[in-house]
Protein chains: 2
Amino acid sequence: MYGRYTQELGVYAKEEAARLRDGGGLRRVTSVRSRSAELLEYEKDPCAKCHVCTSRCQKFLISRVGEDWIFLILLGLVMALVSWVMDYAIAFCQQAQKWMYGGLDSNMLLQYLAWVTYPVVLITFSAGFTQILSPQAVGSGIPEMKTILRGVVLKEYLTFKTFVAKVIGLTCALGSGMPLGKEGPFVHVASLCAALLSKFLAALFGGIYKNELRNTEMLSAACAVGVGCCFAAPIGGVLFSIEVTSTFFAVRNYWRGFFAATFSAFIFRVLAVWNQDEETITALFKTRFRLDFPFDLQELPAFAILGIACGFGGALFVYLNRLIVECMRKQKTINKFLLRKRLVYPAMVTLIISTLTFPPGFGQFMAGQLTQHESLVALLDNRTWCRQGVAEEFDYISHSHAWKHPQVNVFITLILFIVMKFWMSAVATTMPVPCGAFMPVFLIGAAFGRLVGETMAVMFPDGIHADGSVYPIVPGGYAVVGAAALSGAVTHTVSTAVIVFELTGQISHILPVMIAVILANAVAQSLQPSLYDSIIRIKKLPYLPELGMGHHEKYNIRVEDIMVRDVRYITLSSSYREVQEVLMTGQLKTLALVESTDSMILLGSIERSQLQSLLSLQLGPTRRLDHLRRHAQDNGTHTHTLGAHAHLTSLDTMDSPPSPPCTHTHSYTSNTSNTSARHGVRFLPCVRLKVTVTIEILNPLPQIAEWEEQQLDEPVDFNNCKIDPAPFQLVERTSLHKTHTIFSLLGLDHAYVTSTGRLVGVVSLRELRKAIEGSVTVTGVKVRPPLASFRDSGNTTSVSEVTELHKLWNRHRGLSLPREPTPPDMEDQLDLVFLCE
Amino acid sequence: MYGRYTQELGVYAKEEAARLRDGGGLRRVTSVRSRSAELLEYEKDPCAKCHVCTSRCQKFLISRVGEDWIFLILLGLVMALVSWVMDYAIAFCQQAQKWMYGGLDSNMLLQYLAWVTYPVVLITFSAGFTQILSPQAVGSGIPEMKTILRGVVLKEYLTFKTFVAKVIGLTCALGSGMPLGKEGPFVHVASLCAALLSKFLAALFGGIYKNELRNTEMLSAACAVGVGCCFAAPIGGVLFSIEVTSTFFAVRNYWRGFFAATFSAFIFRVLAVWNQDEETITALFKTRFRLDFPFDLQELPAFAILGIACGFGGALFVYLNRLIVECMRKQKTINKFLLRKRLVYPAMVTLIISTLTFPPGFGQFMAGQLTQHESLVALLDNRTWCRQGVAEEFDYISHSHAWKHPQVNVFITLILFIVMKFWMSAVATTMPVPCGAFMPVFLIGAAFGRLVGETMAVMFPDGIHADGSVYPIVPGGYAVVGAAALSGAVTHTVSTAVIVFELTGQISHILPVMIAVILANAVAQSLQPSLYDSIIRIKKLPYLPELGMGHHEKYNIRVEDIMVRDVRYITLSSSYREVQEVLMTGQLKTLALVESTDSMILLGSIERSQLQSLLSLQLGPTRRLDHLRRHAQDNGTHTHTLGAHAHLTSLDTMDSPPSPPCTHTHSYTSNTSNTSARHGVRFLPCVRLKVTVTIEILNPLPQIAEWEEQQLDEPVDFNNCKIDPAPFQLVERTSLHKTHTIFSLLGLDHAYVTSTGRLVGVVSLRELRKAIEGSVTVTGVKVRPPLASFRDSGNTTSVSEVTELHKLWNRHRGLSLPREPTPPDMEDQLDLVFLCE
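Residues numbered from 1 in each chain as written. Chains lettered and ligands numbered in written order. Predicted model: local features only at pLDDT ≥ 70, side-chain atom pairs only at ≥ 80, totals over all residues. Heavy atoms only, no water.

### A word on the overall build of chain A
Item 1. Helix and strand counts for chain A stand at 34 helices and ten strands.
Item 2. A burial count over chain A gives 61% of its 837 residues as buried.
Item 3. Of the accessible surface of chain A, which amounts to about 33,200 Å², a share of 60% is contributed by carbon and sulfur atoms. (Helix = DSSP H or I, 4+ residues; strand = E, 2+ residues; numbered from the N terminus. Buried < 20%, exposed > 50% of the residue type's maximum accessible area, 1.4 Å probe, protein only. Areas by Shrake-Rupley, 256 points an atom, 1.4 Å probe, with all protein chains shown as cover.)

Okay, structure coming up:
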């Protein structure tokens, strides 16, 4: 890349030199200059949008505790405020819709139009606003956070623009009453908030807030805050965020999440008290189940079946969601149309969904006029809706009319609600607005649980308890269990159990909930990836997939099967030309440094940028000027270089500060590109040049080119180069499983594969991902000798390594002691015999 | 060590050869043989009682899921049964004491004797039984499990004997009514159970159950089961066990703990239902607090103060506990006496404590006759004990008479209870019986919370709520908060919050509990280590301490400051003699293999046992026999070696199976030691020898010694040696903090320190521990040049490394291209300039 820049500029300079003599090439040169500058800037940050943190040390840092506390308090405070204000705004939006709908009850058509237009406008606005301001704000945000916490920097995802887009877009999207959730986006909002807060504090106080590594730790706390202040569930929030975003969790960072989430949840609920919404701090969806006899032991099978059914349901939801996205993508005509008219899809989806939920229409059979919050409150009610199969004592909840239909049984209403909401939620979450799927799924789960509970209540009207006392069945308990199980199945988490306890303020159903959640997880995990992993795959985010359980073939895949053997490296005796070539061909962020091409002993790794600056130094303007000056002095009497001489002399007079012995930085006063291009001198843009002199050099190009070739042939001077002397190394026989663990644990981007110190290959995140995703492994792996696969995987010494070692050893022995020669075949055989013992 | 064996046996063989000629040395020889065998066996497992798993790959293994489920179900089942039976037995013991005490109420003295004798007998039996069967069963077990899960194998801690000792000892100790807990030991019991179950299943089915690595994962699940089935708190159990035992936690192993703990808690509670103790599954210490208004917002400062006070109290408890142990140790006379009469101390402590709690005596002022369970139930009661400072409506709990004293205020009773129980618990947990401190601390916390709550109730008799409605203060809520906060402070965990919710079956006080627990943790962590870390220090377990927060000096300590520079290594051209010397001097489990003493390029590491077998092979019996045979053939006509010749010939005739070309294993039929000693041939005990021939060799020793010397001078044949080609490497400038993280993450035992491939030092757990514990670092560190400490810690290239690299590079350059020489000082200076920029 650097080379391309040099060459391009060289070619252009020649052309421009010719044109300048004709006059009027000035503008073109400027444009060329800027293109080159762009190229170079791009090169400096090879993938500006997504580069992977390489240094494995970056993960580990403890920062000063006092400053952490302040940061976490601020974060909790801000997020609680955001959450509360957003809830208020959402409630206001929904109230406005109800008011409009209620006010127009004289005319059904007007009512319908109001009911439909309102959400369509809101969702379209949300989609358009997000699209314009920051497309990164679309969707849940948990998959992105998972990727970011893995160590991959998705820079655009943590900007102020994204924050604004996410908060406003989410408020509108939720205000529309669509089956969308707040929780996923809130994890993203909290992370954004943490990132911005860090930047802000760094700007104010500097110091520790500038530390990138600390910020990663804070992000993980922020995720907990996001869930915590969304549901007022600090413990569940911490656990959920750990389960959803982490692979390995440092227990010493635990307290951060707990502290911030608790503080945030506290403020969130205190705001409600201060606003006189609540008398004191209680749960968000408070239930009032019996404490002394929450459930009977004989109900447990029903809970278990509910859990298993939720497991299947969860897997189906993830599958459906992915299917919709993939269908849309595959249908090229639809895809093209939608890409052009981005707002059509959300508007259409909203139109269909809101038409179906129109209360006087189909909505009457599925409690269409209720908001999510109202539905959930109703579903978690501790009273039984139907005792004898018909809705009898069913007029005490404020939302009763929604579920009680004069012609239709409560069961039908519930089933319709579940089925319709299921696909609606799956479709709605594919809209390009900020939205999560947790809450809709939670609601569907609660409805399903309520359905099972009501069925149980009908089957056992006096409860199942054998002894004298009658304990009627509590369908609300089933709703709680169903909600936890289905949301657990979709997200592949166990901590939804804790979230429901904190949401409902009751822990009496702990055992049924735990049993159902575990069973649901077991079923769902064996059928589908979690929703977040599914989105990671759909979005093709640079995340390392988890090793599935029971994938035994992974144990037989070795690093040597997946590594790239054609490693780009430089040696201690490399010339600058070789460095240039290596830089031009490869894309890796760091390059291996080996002793020599023969020995291939890995000495360390050098960052690409370091090599670029080495090259710049070698071909830089100061050395060019030196060369030109020397050249001019040599040919001072000749006519055609007189100009150049004059130029250089004038430069000398302008050199005001005495330059340091090694790093010469001259200051000139003018526009770089023009002069440099005119001179044919390839000034590097990073050096400030303010040359006013505009003397024409008649023809110095051949000399410069010659000089450049000379310079490129010189061996590299590694003196001014930072070398990482301990890049991470694997051996050829390291198993895929171990490699995956080490990459995950240390957040590696790539690792060198060595064999007794000799560099033989490199494995990067890409190869690993490919190997794990399986497409390569089945067909593409190198077939190993039959004996090798029977070998113990704990045995880290491989035949090839031993052979290598023995070669080295034989060489040594050959020098020190004569010995009867062993045929090499024999020697290898001996190794095999030993290793297979 | 090996060398010592060889030498010793050599000396003895000479002596014995002399004695044999006098006759009658047979018995002595046998005893020598066995001593040598012991030595060799010891050598094979260099520290049989505590060796550290070195291979970092061992940590990571996913096993087949189906087998995991079965294992976890079995584990949960067994532990639930154990827990339930133990609870039953403990309740029975306590009932027996009460019955005895009650039956003797005619005579105070008899009553006292019964009250005191019963616990003394039980505790003495528990201490004696544990001492005799397995001293490892003493104490909590959590510190040991923490160490084991860190990767250090404390073998004796997971045997069947320990299991029996722990279960019976614990039952007796708890049955005595002393302020001891069940939770810590239960973690140990569950781990024991998991280890034994693994062994049992491995014996039955083999396969996956034999896998050591899987067992570690199972141990971590077992810890969760231990807490889970002790308190019927699955979620809290999982979290508590993670916080207490792990440093880095693999989220993918999360489900194991949840599943096993849930199943175990379920069975534990189901047993109670089946036994008709309970109607259905509910919490262990069910509370009945108001749901709609659990606490007022204005009570939060009181909760916060309670949390902070508990923080100080927790720190004090840990300090007191350690102080008692250290006092006992320092007082040499006491120490000696106690070491001789091991049962005196527990008996004395029990006598004092039970005398003080004697109900008609001092016990009447501190609810002495109540068991822990009864006290806790009373403390968590939702009714207020005193409204106006005197106990008014105080006769509805069954245990009321214990707290209500005709002359004494409830406050005095509570304060006395807290103060007395505080020191009693601290003392009682130092007794050499299986016991934990969690439950006593929990109880003290509850009492302290109740005290604060009652005080609040007196101060605000009508509650603090400003609006019309009266919500009286619930002192039981304070008790819950206090219990969570104090136990959290002592153990440095946040998850005690979850445990109290699961224990009480109510989550309504979530915010006060979380706030108090976090504050208590913040205070306690800044004052004292956790109780478990304190015990780890007291017991000097091989655990890597945590890096304290805010220890900034740790960032400035580098590996080079703490590493051992005098590394034992072998080279590719080492002779056997050198290997022998290295084995004799060092104690490390693995030895570094370098290219040569000059280059010092690290090639890999070899396990000690591998080198030992190499040595055995070189000096082994087959090669000895070969030598003897050749020697005999050479001198066949001489008289004095005729016997030897005959011997060898007879051996030849007995060689029935043709030996393989490389590994010769001869079978003889006789007692090894006699013949080998008599022959002066140093047979290695590991080779089966059944020689019947008893021919005397007159004087072959000089030849053998000479031959041995020859053999030792030969270079080592590394063909049959497993070499780990990628031992973990650090560089000199790696910070202590990073080193600590890597050691913790990967469970390392030692790491080599290299500088551009050259071995310069080694860091083991020991050095790291020393450095972290700080005693060394303050005075013992190498002083760094002033400039160096200002350098960015993220900069992994150090001056020395760069210099090393440059030397190498200069050497290369010197070969390829001549260049004007730079003075070495100048070159270093340039590096510094660059690095400090």
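### Describing the packing of helix α6 (residues 160-175) of chain A against helix α7 (residues 183-205) of chain A
Residue and element names in this part refer to chain A.
Item 1. Two elements in contact, α6 and α7, have axes separated by 10 Å at closest approach and are oriented at 150°. Taken as a pair, α6 and α7 cross one another with a handedness that is left-handed. Mapping the contact onto sequence places Phe160, Thr162, Phe163, Lys166, Val167 and Leu170 in α6 and Pro185, Phe186, His188, Val189, Leu192, Cys193 and Leu196 in α7.
Item 2. When grouped by side-chain class, the residues that make up the contact of α6 with α7 number ten nonpolar, two polar and one charged. (Axes fitted to C-alpha atoms, helices over the stretch in contact; angles between N-to-C directions. Left-handed = near helix turned anticlockwise from the far one by under 90°. Contact = heavy atoms within 4.5 Å. Nonpolar A, V, L, I, M, F, W, Y, C, P; charged D, E, K, R; others polar.)

### A look at the packing of helix α5 (residues 142-149) of chain B against helix α21 (residues 531-539) of chain B
Residue and element names in this part refer to chain B.
Item 1. The interhelical angle for the contact between α5 and α21, taken along N-to-C directions, is 80°, at an axis separation of 8 Å. Looking at the two axes, α5 sits roughly perpendicular to α21. Across the interface between the two elements, Ile142, Pro143, Glu144, Lys146 and Thr147 from α5 touch Tyr532, Asp533, Ile535, Ile536 and Lys539 from α21.
Item 2. When grouped by side-chain class, the residues that make up the contact of α5 with α21 number five nonpolar, one polar and four charged. (Parallel < 35°, antiparallel > 145°, perpendicular 65-115°, else oblique.)

### Focus: the environment of B:Leu619
Item 1. Of note, B:Leu619 is situated in helix α25 (residues 608-619).
Item 2. The spatial distance from the C-alpha of B:Leu619 to the C-alpha of B:Gln711 is 7.1 Å, given a sequence separation of 92 residues.

### So, the pattern of salt bridges
Residue and element names in this part refer to chain A.
Item 1. For the structure on display, the rule yields 14 salt bridges over all chains.
Item 2. Across the salt bridge formed by aspartate 713 and arginine 577, the nearest N and O atoms sit 3.1 Å from each other. Here aspartate 713, found in helix α29 (residues 701-713), pairs with arginine 577, found in helix α24 (residues 576-585); they are 136 residues apart in sequence, far enough to count as distant. (Salt bridge = Lys/Arg side-chain N within 4 Å of Asp/Glu carboxyl O.)

### Observations regarding the pairing of strand β5 (residues 590-594) of chain A
All names here are of chain A.
Item 1. Counting buried residues in β5 gives five out of five residues, a clear majority hidden from the surface.
Item 2. Pairing between strand β4 (residues 569-571) and β5: three bridges, direction parallel. Paired with threonine 571 across the two strands is valine 594, which belongs to β5. (Pairing = 2+ DSSP bridges.)

### Quick word on the domain arrangement of chain A
Item 1. Per the domain assignment, the segments of chain A are domain 1 (64-275), domain 2 (297-342 + 359-385 + 399-539) and domain 3 (554-617 + 717-775).
Item 2. Spacing between the C-alpha centres of domain 1 of chain A and domain 3 of chain A amounts to 39 Å. (Domains from an automatic or database assignment.)

### Structural notes on the sheet that holds β5(A)
Residues and elements named next belong to chain A.
Item 1. Strand order across the open sheet formed by four strands is β4-β5-β6-β7, with mixed pairing between neighbours. Here the strands that pair on one side only, and so sit at the sheet edges, are β4 and β7 (723-724).
Item 2. For strand β6 (residues 602-607) and β7, the ladder comprises two bridges, and the chain directions are antiparallel. Within β7, the position partnered with serine 605 by the bridge is aspartate 724.
Item 3. Packed onto the sheet, helix α25 (residues 608-618) meets β4, β5 and β6 and runs at close to 80° relative to β6.

### Observations concerning α25(A)
Item 1. Most of α25(A) sits out of view: eight of its eleven residues are buried.
Item 2. The complete set of buried residues in α25(A) reads A:Arg608, A:Gln610, A:Leu611, A:Gln612, A:Leu614, A:Leu615, A:Ser616 and A:Gln618.

### Topic: the sheet that holds strand β7 (residues 723-724) of chain B
Residues and elements named next belong to chain B.
Item 1. The strand order across the open sheet built from four strands is β4-β5-β6-β7, with neighbouring strands paired in mixed fashion. The open sheet has two edge strands, β4 (569-571) and β7, and neither has a second partner.
Item 2. Each of β4, β5 (590-594) and β6 (602-607) touches α25; the most contacted strand, β6, lies at about 80° to it.

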